[in-house]
Amino acid sequence: MQATGTREERALFHNAYALMAATVMSSVLGMGFWAVAARLYDTETVGRASAAISAMLLLCNAAQLNLSVGMMRFLPVSRGTERRVILVSYTVATCAGLVAATGFLLIAPLVSGEVSFLRDSGVSLLFLVGVVTWVVFSLQDSALTGIRATLWVPVENVVFGLLKLALLAALATTLASSGILTAWVVSMLVMLVPVNWLIFARLLRRSAAPAPEARAPGLGEMARFIGGDYVGTLLSHLSSTALPLLVIAMAGPEESAVFFVAWTISAALDFIATGTASSFLVEGASREDRVHTYRRAAARRASLLLLPAVVGTSLLAGPVLSVFGQEYRDATWALVVLCAAAVPRMFLLLRISFLRIQRRIRAVVGLQALGCVSMLGLSALGLSSGGGSLSVAVSWLVTEVLVLGASELAIRRGPRPTHAAAPGPAPHPAAPENAMAARSRTRG
């Protein structure tokens, strides 16, 4: 048993590292894409393309309906029926993406003249295809993670990033007005074919035969899990995406700019926590009898990576901020506090994954609501008293610690671990979902 556990823990760490690498590579290639775009295209074209792509990302996140988390939770226990789970997820999210993109194209140009370029038939079609494609493009990463083929995720992201860059340069002279958006959408379309061929024709065929005790999740069960978790995710997004808007509304654009730079730098530390939490969700879902062991092992390994990054970023906070301009050094202490908040956040995300493994979605939603209210309420209080960016950073740290403590209480009050459970599908908890709350946040 010990050898098996060690092997499975190694798989957990390898998958986590792959997801971290994918995030880093995507960020680097993404910055390179916009740097090249700024050189090859005029400012107006870059501005319109960035607005369209930001809108596509927003609609994609909404249209996924949190199926990405659902697939990572249920694919490990869907032995022999993974194909159905993936196809149903793709279909539902595609329909949601079509509805969301169509509604946006009809309403947005009427609300703001700045997006009137979307009325062009070619651009609108490209936008519509882009949203639908992006939905599936994002979900296929969750599918690869759920079937433990995570090592393909960074490969896919690197190829996608390089293909985008190549098309961006090739279209600069032939499609000067829409080359950026075209390069993005076409690259995603091209990547759908080999990646899904890999998933359905190769990886799923190599999967082990269904275990006798394996129980595929029913559509109703998945819908209840995903629907509840989706509400919590919206609250989680609200606590982070509304924060820069709150700062600009209460402290003005200059303070908002200073805070946003510090916020963006600290958000880069998230890749360690999110990669580890996602990998833990997959491995823990397949072996609930070892979920406590996996959580402790994941916390130890993530701490070894995160703590040096937090210390290093904190020590270099001033010089890093000065790269953006001398006035941004005013956010030095805010950045230090935001970096410190990454530590409790990492432990919190692991607990959120633990609660999702136990299907205790009421707990997840409750603590996400607590975090949202605490974060926005404390920030508004600090800004109203003239605290500026530092008060918002302190509010974030206090909220992370507060909700971490509440999530630990939720876990302690839940079902105790059963060591006799056999490998295979995760059993239903004996007690109903705990109404005690849990929370997670994903920065946009």
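Since this is a predicted model, take the numbers as computed values, not measurements.

**Some details on the overall build of the protein chain**
When helices and strands are tallied, the protein chain shows 15 helices and 0 strands. For the protein chain, the residues scored as buried account for 54% of the 444 residues in total. Put simply, 84% of the contacts in the protein chain that link residues at least 6 apart link residues at least 24 apart. Working note: accessible area of the protein chain is about 19,300 Å², and carbon and sulfur atoms make up 68% of it.

**A closer look at the side chain of Thr-45**
Following the sequence through the fold, Thr-45 ends up in helix H2 (residues 43-63). Taking relative accessible area as the criterion, Thr-45 reaches 10% and is therefore assigned buried. Each residue touching Thr-45, except ones within four places of it in the same chain, is listed here: Ala-176, Ser-177 and Ile-180.

**Brief notes about a nonpolar patch on the surface**
A contiguous nonpolar surface patch, about 600 Å² in accessible area, is contributed by Val-311, Leu-315, Leu-316, Val-320, Val-323 and Phe-324. Tracing the chain through its elements places Val-323 in the loop between helix H12 (317-322) and helix H13 (332-357). Since its relative accessible area comes to 68%, Val-323 is described here as exposed.

**Focus on helix H7 (residues 179-203)**
Between its terminal C-alpha atoms H7 stretches 34 Å, which fits the 36 Å expected from 25 residues at 1.5 Å a residue. At Leu-192, H7 shows its maximal bend, which comes to roughly 25 degrees, and the proline Pro-194 appears one to four places after that position.

**With respect to the environment of Ile-361**
Mapped onto the elements, Ile-361 comes out in helix H14 (residues 361-384). Ile-361 gets classed as buried once you look at its relative accessible area, which sits at 4%. Here the alpha-carbon distance between Ile-361 and Tyr-230, two residues 131 residues apart in the chain, equals 9.7 Å.

**As for the nonpolar core**
Core analysis: the biggest nonpolar cluster contains 121 residues, and Ile-86, Phe-127, Ile-180 and Ile-199 have the highest contact counts within it. The greatest single-element share of this core, amounting to 16 residues, is contributed by H13. Leave out the neighbours within four places in its chain, and Ile-86 touches Met-71, Leu-75, Ala-143, Ile-199, Phe-200 and Leu-204.

**Focus on the environment of Gln-368**
Counting through the fold element by element, Gln-368 comes out in helix H14. Once the C-alpha coordinates of Gln-368 and Ser-407 are considered, the two residues, 39 residues apart in sequence, prove to be 9.9 Å apart.

**As for the packing of helix H11 (residues 291-315) against H13**
Contact geometry for H11 and H13: axes closest at 10 Å, N-to-C directions at 165 degrees. By the angle class used here, H11 and H13 are roughly antiparallel. Note on packing geometry: the crossing formed by H11 with H13 is right-handed. Contacts between H11 and H13 involve Val-291, His-292, Arg-295, Ala-298, Ala-299, Ala-302, Ser-303, Leu-306, Leu-307, Val-310, Thr-313 and Ser-314 from the former and Val-336, Cys-339, Ala-340, Ala-342, Val-343, Met-346, Phe-347, Leu-350, Arg-351, Phe-354 and Ile-357 from the latter. Counted by class, the contact of H11 with H13 contains 17 nonpolar, 4 polar and 2 charged residues.

**Considerations on the pattern of salt bridges**
Inspection of the entire model under this criterion finds 3 salt bridges. In this structure, Arg-345 engages Asp-270 in a salt bridge whose closest nitrogen and oxygen atoms are separated by 2.9 Å. One end of the pair, Arg-345, is in helix H13; the other, Asp-270, is in helix H10 (residues 270-286), with 75 residues separating them in the sequence. A relative accessible area of 9% means that Asp-270 is categorised as buried. One connected set of salt bridges, linked through shared partners, spans Arg-351, Glu-408 and Arg-412.

**Looking at the environment of Ile-180**
Of note, Ile-180 is situated in helix H7. Given the relative accessible area of 0%, Ile-180 is considered buried. Ile-180 sits 15 residues away from Leu-165 along the chain, and the two C-alpha atoms are 9.5 Å apart. Contacts of Ile-180, omitting those with residues within four sequence positions, involve Phe-33, Trp-34, Ala-37, Tyr-41, Thr-45, Val-46, Ala-49, Ile-53 and Leu-168.

**Quick look at the packing of H2 against H7**
Between H2 and H7, the shortest axis-to-axis distance is 8 Å and the interhelical angle comes to 35 degrees. For the pair H2 and H7, the contacting residues are Thr-45, Val-46, Ala-49, Ala-52, Ile-53 and Met-56 in the first and Ile-180, Leu-181, Trp-184, Val-185 and Met-188 in the second. Looking at side-chain class alone, the contact of H2 with H7 contains 10 nonpolar, 1 polar and no charged residues.

**Notes on the side chain of Ser-187**
Note that Ser-187 resides in helix H7. Note on Ser-187: relative accessible area 0%, which makes it buried. With residues up to four places along the chain from it excluded, the contact list for Ser-187 reads Phe-160, Leu-163, Lys-164 and Leu-167.

**A look at the confidence of the model for the protein chain**
Here the protein chain averages 79 in pLDDT, while 84% of its residues score no lower than 70. Considering only residues more than four positions removed or in separate chains, one finds that residues 208-214, a stretch of pLDDT under 50, has 9 contacts. Long-range and interchain partners of residues 418-444, a stretch whose pLDDT sits below 50, account for 97 contacts in this model, where long-range means more than four residues apart.

**Re the packing of aromatic side chains**
Per the counting criterion, the structure on display carries 8 aromatic pairs. With 5.7 Å between their ring centres and 45 degrees between their planes, Trp-134 and Trp-184 make a pair best called tilted. In this pair, Trp-134 is assigned in helix H5 (residues 121-146) and Trp-184 in helix H7, connecting sequence segments 50 residues apart. We note that Trp-134, like Trp-184, is buried. Every member of this aromatic cluster is reached through a ring pair, and the members are Phe-33, Trp-134, Phe-137, Phe-160 and Trp-184. The side chain of Lys-164 reaches across the aromatic face of Trp-184, ending 3.7 Å from its centre. Above the ring of Phe-354, the side-chain terminus of Arg-295 is found at 5.0 Å from the ring centroid.

Reading the values: rules and limits
- Residues numbered from 1 in each chain as written.
- Predicted model: local features only at pLDDT ≥ 70, side-chain atom pairs only at ≥ 80, totals over all residues.
- Heavy atoms only, no water.
- Helix = DSSP H or I, 4+ residues; strand = E, 2+ residues; numbered from the N terminus.
- Buried < 20%, exposed > 50% of the residue type's maximum accessible area, 1.4 Å probe, protein only.
- Contact = heavy atoms within 4.5 Å.
- Areas by Shrake-Rupley, 256 points an atom, 1.4 Å probe, with all protein chains shown as cover.
- Patch = residues over 30% accessible without salt bridge, like charges linked within 9 Å, V, L, I, M, F, W, Y side chains within 5 Å.
- Salt bridge = Lys/Arg side-chain N within 4 Å of Asp/Glu carboxyl O.
- Expected span 1.5 Å × (residues − 1).
- Bend = angle between axes of the 7 residues up to and from the residue.
- Core = buried A, V, L, I, M, F, W, Y, C linked by side-chain atoms within 4.5 Å.
- Axes fitted to C-alpha atoms, helices over the stretch in contact; angles between N-to-C directions.
- Parallel < 35°, antiparallel > 145°, perpendicular 65-115°, else oblique.
- Left-handed = near helix turned anticlockwise from the far one by under 90°.
- Nonpolar A, V, L, I, M, F, W, Y, C, P; charged D, E, K, R; others polar.
- pLDDT = per-residue confidence, 0-100.
- Phe/Tyr/Trp six-rings, centres within 6.5 Å; stacked < 30°, edge-to-face > 60°.
- Lys NZ or Arg CZ within 6 Å of the ring centre and 35° of its normal.

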